[in-house]
Amino acid sequence: MTQDELKQAVAEAAVKYILPMLEDDTIVGVGTGSTANLFIDELAKYKNDFDGTVASSKASAERLNKHGIPVYELNGVGNIRVYVDGADESNEYLHLIKGGGAALTREKIVAACSEEFVCIADESKMVKVLGDFPLPVEVIPMARGYVARELVKLGGDPVYREGVITDNGNQILDVYNLDILNPAELEKSIDGIVGVVTNGLFAKRPADVLLLATKEGVKTLKR
């Protein structure tokens, strides 16, 4: 199977996984990225079976709207039953690196507000130690240089992602050459740097379930 076929398989598996949760008042959190896009397309087949969604990016909101799926502002929603999103890396503890699509802050907010976080990925995203994928850090623009120097002190090599502005109007530093042995500790340390909005480590709030597409089928991993 190609990577695209694996992504399609896991998107279909995710919809099947959440179907029992869908009721007239159910709100589904929806992530951002290529795999999340496929999930949106599959979810559209059941758009009359639930209330609506909260999207983690403007791009996902636009795709949901094109399918006729209601998209609500998070502040107007009382409860998100389940959040479905992809990842750039995952370890066996379902700690994740996210943010390749520059939506990490909103993704982290929606994940924090959700009862259950279902991560969908293909087998290439599973690693023993996080850090091969550069860690995205969203920063206030005026603090970019300062934050970069502080990230060097933590052992990373930050690179400015030129031309990218987040939905929040901020910038992204991608931090290379990190061996992330204690994801929760590093997540906290980076978030403590003045000028950082958040970073792409999802360890304090990891996924609850990882649906992992492999050539042998979609595997379900739980914490």
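Anything mentioned here points back to the structure above.
Residues numbered from 1 in each chain as written. Predicted model: local features only at pLDDT ≥ 70, side-chain atom pairs only at ≥ 80, totals over all residues. Heavy atoms only, no water.

Observations regarding the sheet that holds strand 5 (residues 96-97)
One open sheet accounts for three strands, arranged 4-5-11; its pairing is antiparallel. Strands with a single pairing partner mark the edges of an open sheet, and in this sheet they are strand 4 (89-90) and strand 11 (201-202). Summarising the sheet, strand 5 and strand 11 pair through two bridges and their orientation is antiparallel. Residue pairing for strand 11: Ile 97 is matched across the bridge by Leu 201. (Pairing = 2+ DSSP bridges. Helix = DSSP H or I, 4+ residues; strand = E, 2+ residues; numbered from the N terminus.)

Overview of the packing of aromatic side chains
Under the definition given, this model contains two aromatic pairs. Between Tyr 83 and Phe 117 the ring centres are 5.1 Å apart and the planes differ by 35 degrees, which places this aromatic pair in the tilted class. Of the two residues, Tyr 83 sits in strand 3 (residues 80-85) while Phe 117 sits in strand 6 (residues 114-122), which places them 34 residues apart along the sequence. Its relative accessible area of 0% is what places Tyr 83 among the buried residues. For Phe 117, a relative accessible area of 0% translates into the label buried. Chaining the aromatic ring pairs together yields one cluster made of Tyr 83, Phe 117 and Phe 202. It is Lys 98 that lies over the ring of Phe 202; its NZ or CZ is 5.6 Å from the centre. Positioned over the ring face of Phe 202 is Lys 108, at 5.1 Å from the centre of the ring. (Phe/Tyr/Trp six-rings, centres within 6.5 Å; stacked < 30°, edge-to-face > 60°. Buried < 20%, exposed > 50% of the residue type's maximum accessible area, 1.4 Å probe, protein only. Lys NZ or Arg CZ within 6 Å of the ring centre and 35° of its normal.)

Details of the pattern of salt bridges
Pairing between side chains of opposite charge can happen when the charged atoms of each approach one another. One pass over the structure, following the stated rule, counts 14 salt bridges. The salt bridge involving Arg 63 is made with Asp 41; its shortest N-O contact spans 3.0 Å. With Arg 63 in helix 3 (residues 58-66) and Asp 41 in helix 2 (residues 34-43), this pair connects stretches of sequence that are 22 residues apart. Residue Arg 63 is classed as partly exposed on the basis of its relative accessible area, which comes to 29%. On the accessibility criterion, Asp 41 (25% relative accessible area) is partly exposed. (Salt bridge = Lys/Arg side-chain N within 4 Å of Asp/Glu carboxyl O.)

Observations concerning a nonpolar patch on the surface
The grouping of Ile 140, Met 142 and Val 197 at the surface amounts to a nonpolar patch, some 300 Å² of accessible area in total. Relative to the assigned elements, Ile 140 resides in the loop between strand 7 (135-139) and helix 5 (144-153). (Patch = residues over 30% accessible without salt bridge, like charges linked within 9 Å, V, L, I, M, F, W, Y side chains within 5 Å. Areas by Shrake-Rupley, 256 points an atom, 1.4 Å probe, with all protein chains shown as cover.)

A look at the sheet that holds strand 10 (residues 196-199)
The four strands lie next to each other as 8-9-7-10, forming an open sheet whose pairing is antiparallel. Each edge of the open sheet is held by one strand with a lone partner, namely strand 8 (157-160) and strand 10. This sheet shows a mean twist of 30 degrees between the axes of neighbouring strands, independent of strand direction. Bridge count for strand 7 against strand 9 (residues 171-176) is five bridges, and the pairing is antiparallel. Looking at strand 9, one finds that Val 137 is bridged to Leu 173. With respect to the sheet, helix 4 (residues 104-112) is in contact with strand 7, strand 9 and strand 10, its orientation differing from that of strand 10 by roughly 65 degrees. (Axes fitted to C-alpha atoms, helices over the stretch in contact; angles between N-to-C directions. Contact = heavy atoms within 4.5 Å.)

Considering the nonpolar core
Core analysis: the largest hydrophobic core is formed by 26 residues, its most contacted members being Ile 18, Val 28, Phe 39, Leu 43, Val 84 and Ile 120. Elements that contribute at least two residues to this core include exactly helix 1 (3-18), strand 1 (27-30), helix 2, helix 3, strand 3, strand 6 and strand 12 (209-214). Among the elements that take part in this core, helix 1 stands out by supplying six residues, more than any other. Leaving out residues up to four positions away in the same chain, Leu 43 has contacts with Val 15, Ile 18, Val 28, Val 30, Phe 50, Thr 53 and Ile 69. Counting 19 residues, the second-largest nonpolar core is a separate cluster that includes Ile 97, Val 127, Leu 130 and Ile 180. (Core = buried A, V, L, I, M, F, W, Y, C linked by side-chain atoms within 4.5 Å.)

Regarding helix 5
Within helix 5, the full set of buried residues consists of Val 147, Ala 148, Glu 150 and Leu 151. Down the axis of helix 5, the smallest arc covering the buried residues is 165 degrees, so these residues share one side. In helix 5, those exposed residues whose orientation departs by more than 90 degrees from the buried face are Arg 149 and Lys 153. Just beyond helix 5, the residue with positive phi is Gly 155, at close to 100 degrees. (Arc of directions from axis to C-beta.)

Section: the pairing of strand 3
Burial runs high along strand 3: five of the six residues are buried. Pairing of strand 3 with strand 6 involves five bridges; the strand directions are parallel. Directly across from Asp 85, in strand 6, lies its bridge partner Cys 119.

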